Each structure stands twice: as C-alpha cells, then as structure tokens.
Amino acid sequence: MKTEENMKKKIITTTSLIAVASIAYYLHKNHVPELINLKQATQEFEQTHDATMLEKRKQQIFNYYTTDAFEKDVQKVYTKALKQFCQLTVTPKSLIIFDVDDTAFYNYQYRDDAEFIWKHQPELIKARQTKIVPAIKATLAFYHELKNLGFKTVFVSSRNQAVYDEYYKNLTDIGYHDFDKLILMPDKLAFDQNIKTADWKLGIRKQLAQEYTIVGCVGDRTVDFKGGYTGYEVKIPNYIFE
Ligand SMILES: [Mg+2]
C-alpha cells in the first residue's frame, strides 16, 4: 500500500516538475523583451552572445518601424510640444530649429545594419534608389502647425555641404516650405574626424541666437540638443541609433 502511495507521489512530483519546466520554457521562448535600440541590442549581443535575444530585439525594432507605432510615438511627442509652443507669444524672431535626418525625413534606409527593417518598406526601398526620401509624416504635420502659428524655421544637419542642393530639393519636394535656412556642415569640417557633431551644432545654434530667439529645437538624437541654446527640446524616438 505504502509503495503504491510513494509511486503516486513520485508521479505527481515528476508531472509537476515537467509542467513547471514547460511553463518556464514557454515563457522564456515567448517573452517579449523591452524595446531597446539597435545599437544597444548589438552591444548586448557582443557581451552575452545570446543570438536568440538579439533576434527578439531586432524583431521588436522591426515591428516598431513597420507598423504605425513609430509615427504614433512621434505624434505623441509633437502633441505635447505643440501645447508648449501655443502658449508662446510669437515674434518675427521666434525660431524653431529642426534636425533633418530621421527627424524631418527618413534616412535610416541608407544604413546597411538597418536593412532588416527598411527592406520591408517599399517607400524606403524606392527612396534609396531615387534619393528622394519621404517625410516623417508626424514631423511634416507638426512643421506646418508651427508655420501656421508664425514661427520661423531653420534646418540644421551635420551632412556635408556637397548634398545641399539634394537636401534642399528633397525638403521642399516633400512639403517643407518657407524655411529661413538650411545649414549643412562645410565639407572641410564634415570629413574631419575631430569635429564632433554636437559641438558643431551647438556653434550653429549660438550663431542663430544672435539673429533669432530660439524657442525650440526638434531632433532625434542627443547631439541635436547638447550644450543648450535650444529653447524647448523636442526629442523624437530613434530606435536605430539611440
Ligand atoms: Mg537626425
């Protein structure tokens, strides 16, 4: 009798262990990790060599950019920012500075390490071929709201001067009209490894501050804001770089 009870206990214990292990395996396999950017995911992989986790991370980023999640997030940032800008008294000198790449328009389709995302987006495949890249829709709408409120706008990018005509045309072709300036980095600086983007952008903002009242700055990376002279900072997400 006792042997039978022991056997039953053993079966129950074993069954329970199998069930717990199965649940743990299922949870591990199907666990959706927190969304982090591609650079962080790659750094994590270099430390852990966990290829499964890297794939999960990349899938998260893929989903973010190939659904409307990215545009929705950007829109949320602008809705909040617009409330701030609506409270300001706009003067002829009130300026809002815009970054260009991955702020005004999509640029990440030029990165090979982001191919797993953009190669599934027909408009970005086309953009890579035609070199006319589409606007981030939420940014374009936000830009027009600000223009309607009377703000001056200047685009500042660390891309080199050689692409000035291309960038100017791209911006105007996709609907960014009536901006005061497009400022790109002079060629001799753009190819100097010692020039830091953040420092150059800060220098440009300091110059602009002599001519305008900078009330806001819009960008996707911390280098767009470092050092101040930004007014209200409008940082949109970027899950490729940072
Ligand atoms: Mg940018």
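Here is a short report on the structure shown in this document. (Residues numbered from 1 in each chain as written. Predicted model: local features only at pLDDT ≥ 70, side-chain atom pairs only at ≥ 80, totals over all residues. Heavy atoms only, no water.)

Next up on the list: the coordination of the magnesium ion. Within the protein, D99 (OD), D101 (O) and D220 (OD) serve as the donor atoms for the magnesium ion, at 2.1 to 2.2 Å. For the magnesium ion, all donor residues lie on one chain, and their spacing in sequence is D-x1-D-x118-D. Residue D101 is found in the loop between β1 (94-98) and α5 (115-118), and its partner D220 is found in the loop between β4 (213-219) and β5 (232-235); the two are separated by 119 residues along the sequence. There is no split in this pair, since D101 and D220 are both buried. (Donors = N, O, S within 2.8 Å, 3.2 Å for Na, K, Ca; no water. Helix = DSSP H or I, 4+ residues; strand = E, 2+ residues; numbered from the N terminus. Buried < 20%, exposed > 50% of the residue type's maximum accessible area, 1.4 Å probe, protein only.)

By size, the foremost hydrophobic cluster in this structure holds 48 residues, and its most contacted members are F85, Y108, F142, F155, L171, Y176 and I240. With 6 residues, helix α4 (residues 69-86) is the single largest residue contributor to this core. Here this core spans two domains, and each of domain 2 (34-67) and domain 3 (68-235) adds at least three residues to it. Those residues in contact with F142 that lie beyond four places of it in its chain are Y78, A81, L82, F85, F98 and V218. (Core = buried A, V, L, I, M, F, W, Y, C linked by side-chain atoms within 4.5 Å. Domains from an automatic or database assignment. Contact = heavy atoms within 4.5 Å.)

Okay, the side chain of D99 next. Turning to its location among the elements, D99 is positioned in the loop between β1 and α5. Only 2.7 Å separates the side chain of D99 from the side chain of T103, close enough to count as a polar contact. (Polar contact = N/O pair within 3.5 Å; in protein donor to acceptor, adjacent residues only side chain to side chain.)

To continue, consider the sheet that holds strand β2 (residues 152-160). A sheet is described by the order of its strands in space; here 5 strands give the open sequence β3-β2-β1-β4-β5, paired in parallel fashion. On the outer flanks of this sheet lie β3 (181-185) and β5, each paired with one strand and no other. This sheet shows a mean twist of 20 degrees between the axes of neighbouring strands, independent of strand direction. The sheet contact formed by β2 and β3 spans 5 bridges and is parallel. The partner of N160 across the bridge, within β3, is M185. Across the sheet, helix α8 (residues 164-173) lies against β2 and β3, angled at about 145 degrees from β3, the strand it touches most. Here helix α10 (residues 197-211) sits on the sheet in contact with β1, β2, β3 and β4, set at roughly 150 degrees to β2. (Pairing = 2+ DSSP bridges. Axes fitted to C-alpha atoms, helices over the stretch in contact; angles between N-to-C directions.)

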